[in-house]
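# Structural features, examined
Each chain, written out:
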Amino acid sequence: MVSLGCPKATVDSEQILTQLRAEGYKIVADYDQADMVIINTCGFIDSAVEESMQTIDEALHENGKVIVTGCLGAKSEQVAQAFPELLAITGPHATQEVMSAVHEHLPAEHDPFLDLVPAQGIKLTPQHYAYLKISEGCNHRCTFCIIPALRGDLVSRPIDEVMQEAENLVQAGVRELLVISQDTSAYGIDAKYATRFWQGQPLQTRFVALARALGQLGVWIRLHYVYPYPHVDDVIPLMAQGLVLPYLDIPFQHASPRILKAMKRPGNQEKVLERIQSWRKICPDLVIRSTFIVGFPGETEEDFQQLLDFLTAAQLDRVGCFMYSAVEGAAANDLPNPVDEAIKQERFDRFMRHQQAISTAKLQCRIGQTMTVLVEGRDEHGWYGRSYADAPDIDGLVYIKTDQDMIVGNFVEVIITDSDEYDLYADQR
Ligand code: SF4
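First things first, this report covers the structure right here in the doc. These figures come from a predicted structure and were not determined experimentally.

### Regarding the pairing of strand β14 (residues 318-323)
- Bridging between strand β13 (residues 287-294) and β14 involves six bridges; their strand directions are parallel. Bridging from a neighbouring strand, threonine 291 pairs with glycine 320 of β14.

### Considerations on the nonpolar core
- In terms of nonpolar packing, the biggest core is built from 58 residues, with Leu177, Leu214, Leu316 and Phe351 touching the most fellow members.
- It is helix α7 (residues 207-214) that provides the largest number of residues to this core, a total of seven residues.

### Let's talk about the pattern of salt bridges
- One pass over the full model with this rule turns up 21 salt bridges.
- Salt-bridge contacts for arginine 222 lead to glutamate 176; the nearest nitrogen and oxygen are separated by 2.6 Å. One end of the pair, arginine 222, is in strand β11 (residues 220-223); the other, glutamate 176, is in strand β8 (residues 176-180), and 46 residues separate them in sequence.
- Of the charged contacts in the structure, one is a salt bridge between arginine 347 and glutamate 301, with a shortest N-O distance of 3.8 Å. Of this pair, arginine 347 sits in helix α12 (residues 341-364) while glutamate 301 sits in helix α11 (residues 301-314), and the two are 46 residues apart along the sequence.
- Shared partners join several salt bridges into a network, and the residues in it are Glu299, Glu301, Glu346, Arg347 and Arg350.

### Section: the sheet that holds strand β16 (residues 382-386)
- Read once around its circumference, the closed barrel built from five strands follows the order β15-β16-β17-β19-β18, with strand pairing classed as mixed. The average angle at which neighbouring strand axes cross in this sheet is 55°, direction not considered.
- Taken together, the three bridges between β16 and strand β17 (residues 398-401) define a ladder with antiparallel strand orientation. Looking across to β17, one finds that tryptophan 383 is bridged to isoleucine 400.

### Some words on the side chain of aspartate 303
- Within the secondary structure, aspartate 303 is located in helix α11.
- There is a polar contact of 2.8 Å between the side chain of aspartate 303 and the side chain of serine 256.
- For aspartate 303, the contacting residues outside a window of four places in its chain are His254, Ser256, Arg258, Ile259 and Gly298.

### Details of the pairing of strand β19 (residues 424-428)
- In terms of strand pairing, β17 meets β19 through four bridges, oriented parallel. From the neighbouring strand, lysine 401 faces β19, where its bridge partner is aspartate 427.
- Hairpin connection between strand β18 (residues 411-419) and β19: a loop of four residues separates the two successive antiparallel strands.

### Looking at the packing of aromatic side chains
- Evaluated as defined, the whole model comprises eleven aromatic pairs.
- Summarising the aromatic geometry, the rings of phenylalanine 252 and phenylalanine 310 are spaced 5.6 Å apart at their centres and angled 75° between planes, so their arrangement reads as edge-to-face. One end of the pair, phenylalanine 252, is in the loop between β12 (247-249) and α9 (257-263); the other, phenylalanine 310, is in helix α11, and 58 residues separate them in sequence. Each member of the pair, phenylalanine 252 as well as phenylalanine 310, carries the same accessibility label: buried.
- For the ring pair phenylalanine 292 and phenylalanine 351, a centre distance of 5.7 Å and an interplane angle of 50° mean the geometry is tilted. In this pair, phenylalanine 292 sits in strand β13 while phenylalanine 351 sits in helix α12, placing the two residues 59 residues apart along the sequence.

### Some details on the packing of helix α6 (residues 159-171) against α7
- Two elements in contact, α6 and α7, have axes separated by 11 Å at closest approach and are oriented at 25°. Classed by the angle they form, the pair α6 and α7 counts as roughly parallel. Like other packed secondary-structure pairs, α6 and α7 cross with a definite hand, here right-handed. For the pair α6 and α7, contact is made by Ile159, Val162, Met163 and Ala166 and by Ala209, Leu210, Ala213 and Leu214, respectively.
- Partitioning the contact of α6 with α7 into residue classes produces eight nonpolar, no polar and no charged.

Calculation rules
- Residues numbered from 1 in each chain as written.
- Predicted model: local features only at pLDDT ≥ 70, side-chain atom pairs only at ≥ 80, totals over all residues.
- Heavy atoms only, no water.
- Pairing = 2+ DSSP bridges.
- Helix = DSSP H or I, 4+ residues; strand = E, 2+ residues; numbered from the N terminus.
- Core = buried A, V, L, I, M, F, W, Y, C linked by side-chain atoms within 4.5 Å.
- Buried < 20%, exposed > 50% of the residue type's maximum accessible area, 1.4 Å probe, protein only.
- Salt bridge = Lys/Arg side-chain N within 4 Å of Asp/Glu carboxyl O.
- Axes fitted to C-alpha atoms, helices over the stretch in contact; angles between N-to-C directions.
- Polar contact = N/O pair within 3.5 Å; in protein donor to acceptor, adjacent residues only side chain to side chain.
- Contact = heavy atoms within 4.5 Å.
- Phe/Tyr/Trp six-rings, centres within 6.5 Å; stacked < 30°, edge-to-face > 60°.
- Parallel < 35°, antiparallel > 145°, perpendicular 65-115°, else oblique.
- Left-handed = near helix turned anticlockwise from the far one by under 90°.
- Nonpolar A, V, L, I, M, F, W, Y, C, P; charged D, E, K, R; others polar.

Functional significance is not addressed by these values, which are geometric in nature.
Here it is in structure tokens:
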């Protein structure tokens with residue numbers, strides 16, 4: 001560590017050094033012994049800038065692996081232009097960003113005898129898939145929801161931290177990452193799309209940039225809780241290119257403009273059908289999953305019919321439905337005209353029958369297709385897995401006829417031979 005500048009910078013250096021030592025890194029006294037150099041720079045006056053630039057030059061020459069932090073790092077473009085070989089550049093007071101860069105370029109070796117926690121953390125999911133939470137909280141105020149009251153406004157995780165976690169998971173054997181949050185497409189808005197560094201490259205804290213970067217990891221990337229904002233259009237070509245699974249989980253919740261307004265749902269709902277059609281033109285394999293609420297206060301038979309008409313027109317692949325129930329503290333509790341419980345149930349049943357027919361017909365079209373399936377396990381009917389069209393726990397399964405033993409977490413190629421309302425049946429190729 002080379003620490004330049006004022007006492008505030010010194011404290012920043014101390015915090016970084018403390019964290020490094022806490023994680024088992026050793027601090028050494030010269031360039032030769034070091035695996036990496038961190039320079040905490042000053043950018044206050046011209047002479048300080050000059051000293052910082054000289055120090056960076058010297059460290060690159062003497063050692064080669066250099067991270068720059070501190071006040072000069074706030075002018076990252078200027079520094080990157082002068083020294084493109086730097087591993088990372090952060091602004092001042094950025095211990096976490098510096099540590100992310102250290103983890104990326106000089107990962108501490110995992111010692112099973114000393115480390116209680118594996119690099120990828122403790123996971124409750126099977127070894128072959130994992131959830132990747134990219135943000136916490138939500139800026140919307142849907143009237144049926146109390147998440148913003150419980151968890152606050154949107155706070156996005158820095159993109160380099162998310163990427164580091166994703167890489168750790170992939171190195172630990174994860175084959176599928178499920179990107180989750182309250183509002184995935186809003187990722188980075190609160191951080192003003194801050195630029196961070198990942199593998200030496202600048203990367204904006206932004207939904208599409210994240211999808212593209214995750215797509216480089218060579219595993220299935222599945223996007224959940226995406227709202228149909230215009231910039232979601234930019235992720236569809238990534239799906240068509242095979243970087244990200246052609247699967248979008250968009251919780252539409254309703255289709256009647258009157259009910260959506262009462263729900264205070266985000267996004268422009270008016271053009272949703274057009275958007276879906278244009279997405280399918282770009283990426284014909286696109287599978288759309290959604291959830292809906294029936295029996296929301298004030299929902300009339302006409303509103304409900306609009307919802308069924310939307311299902312018919314949108315031909316969504318996977319759909320979940322909930323009967324509205326009041327949540328303590330939700331604004332919707334004060335809305336007039338609650339729907340009678342028996343009517344809610346009747347609408348729920350009609351909704352399910354309606355969507356079942358759509359799902360059955362859509363799955364029938366898969367017969368004869370070759371699909372890649374991630375093997376999930378075995379039950380009394382035999383081996384089963386999931387294709388790109390199936391998220392774990394919420395979507396259907398592909399049952400596989402095979403004489404061979406399979407390995408959970410492996411990808412296999414199958415030919416679809418049969419289907420029902422929600423599941424597919426296949427022969428192993
Ligand atoms: S339903 Fe989703 S988008 Fe709406 S407030 Fe709750 S978390 Fe936010």
